[in-house]
Amino acid sequence: MGFSFHCLRFWWTKITIFGQNIRFPEKKRFYAMMKRKTYPLLLAVALLFALHGCHSYPENPNRPTTPFRFTINPNSLQYQELNVVSGWIYLSSEVESTSRGIIVYRQSETEFLAYDRLPPNYPDACTDSQGNTKRLVVDFPFVVDNCNNAYYNILNGQLIVSEEFGMIPSFPTEDAYPLIQYYTTYDGSKLTVYN
């Protein structure tokens, strides 16, 4: 099965430097053995990782499709909550689309995350008589869908299910979608959010 170290015991050469015995493999035999036994194994492992990385999750049908792009200065006083790492803010007037607003979270000095405030699972579950719907709210470190009792991790957007803490959504969790995330670019002064 693949490469094993016991096959090297006859291919080692011993030299003595300052009274110390040092062993190293003879180059030609070692490289020939590596080509013959290790490269197919490495190729198989690389292919396995590549195929695993190709797993695609279904596209969320609730994702707003109207394109948008806006730019803000997160270091300005207008967006004071974003001046520090772990700061977050709701943005809605900047977004002209079918979105219910954006949550922008500062993950580090140079990295930002942007999520839609539209609940990714059953977004219209709590529509009132005027057609107003609920939005996601931040209860750090969670983003909460109060209508469906769903909690999402603000760091990666994944749904959190915990019986111990009462975080059990009112919908089936097997095929649940994570938060709807948007692209962000930050050049040190301007933050651009787009889909």
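Residues numbered from 1 in each chain as written. Predicted model: local features only at pLDDT ≥ 70, side-chain atom pairs only at ≥ 80, totals over all residues. Heavy atoms only, no water.

### Structural notes on the nonpolar core
Phase 1: Residues Leu-91, Ile-102 and Val-104 are the most contacted members of the largest nonpolar core, which totals 17 residues.
Phase 2: Residue assignment for this core shows that the elements contributing at least two residues are strand E3 (69-72), strand E4 (88-91), strand E5 (102-106), strand E6 (112-116), strand E11 (181-186) and strand E12 (191-194).
Phase 3: Dropping the residues within four chain positions of it, Leu-91 is found in contact with Phe-70, Ile-72, Tyr-79, Gly-101, Ile-102 and Val-104.
Phase 4: Counting 13 residues, the second largest nonpolar core, distinct from the first, contains Val-138, Tyr-152, Leu-159 and Leu-179. (Core = buried A, V, L, I, M, F, W, Y, C linked by side-chain atoms within 4.5 Å. Buried < 20%, exposed > 50% of the residue type's maximum accessible area, 1.4 Å probe, protein only. Helix = DSSP H or I, 4+ residues; strand = E, 2+ residues; numbered from the N terminus. Contact = heavy atoms within 4.5 Å.)

### Observations regarding the packing of aromatic side chains
Phase 1: Under the counting rule described, the total for this entry stands at eight aromatic pairs.
Phase 2: Plain terms: the ring middles of Tyr-122 and Phe-171 are 5.6 Å apart, the flat faces sit at 40° to each other, and that makes the pair tilted. Of this pair, Tyr-122 sits in the loop between E6 and strand E7 (137-139) while Phe-171 sits in the loop between strand E10 (159-160) and E11, placing them 49 residues apart in sequence.
Phase 3: Plain terms: the ring middles of Phe-142 and Tyr-151 are 5.8 Å apart, the flat faces sit at 85° to each other, and that makes the pair edge-to-face.
Phase 4: With relative accessibility at 22%, the residue Phe-142 sits in the partly exposed group.
Phase 5: Pairwise contacts between aromatic rings join Phe-68, Phe-70 and Tyr-182 into one cluster.
Phase 6: Cation over ring: Arg-69 sits above Tyr-194, and NZ or CZ is 4.4 Å from the ring centre. (Phe/Tyr/Trp six-rings, centres within 6.5 Å; stacked < 30°, edge-to-face > 60°. Lys NZ or Arg CZ within 6 Å of the ring centre and 35° of its normal.)

### Concerning unusual backbone geometry
Phase 1: Geometrically, the link from Phe-140 to Pro-141 is a cis peptide bond, its omega value of 10° lying close to zero.
Phase 2: The backbone of Ser-86 sits at a positive phi, close to 75°, despite the residue not being glycine.
Phase 3: As for its placement among the helices and strands, Ser-86 is situated in the loop between E3 and E4.
Phase 4: When its relative accessible area of 32% is taken as the criterion, Ser-86 is described as partly exposed.
Phase 5: One non-glycine residue with positive phi stands out, namely Tyr-122, at about 55°.

### Some remarks on the environment of Arg-135
Phase 1: Here Arg-135 shows up in the loop between E6 and E7.
Phase 2: The exposure class of Arg-135 is partly exposed, given its relative accessible area of 38%.
Phase 3: Among residues more than four places away in sequence, those in contact with Arg-135 are Ser-92, Arg-100, Arg-117 and Val-144.
Phase 4: Among the polar contacts made by the side chain of Arg-135, one reaches the main-chain carbonyl oxygen of Arg-100 at a distance of 3.2 Å. (Polar contact = N/O pair within 3.5 Å; in protein donor to acceptor, adjacent residues only side chain to side chain.)

Nothing here speaks to function; it is geometry throughout.
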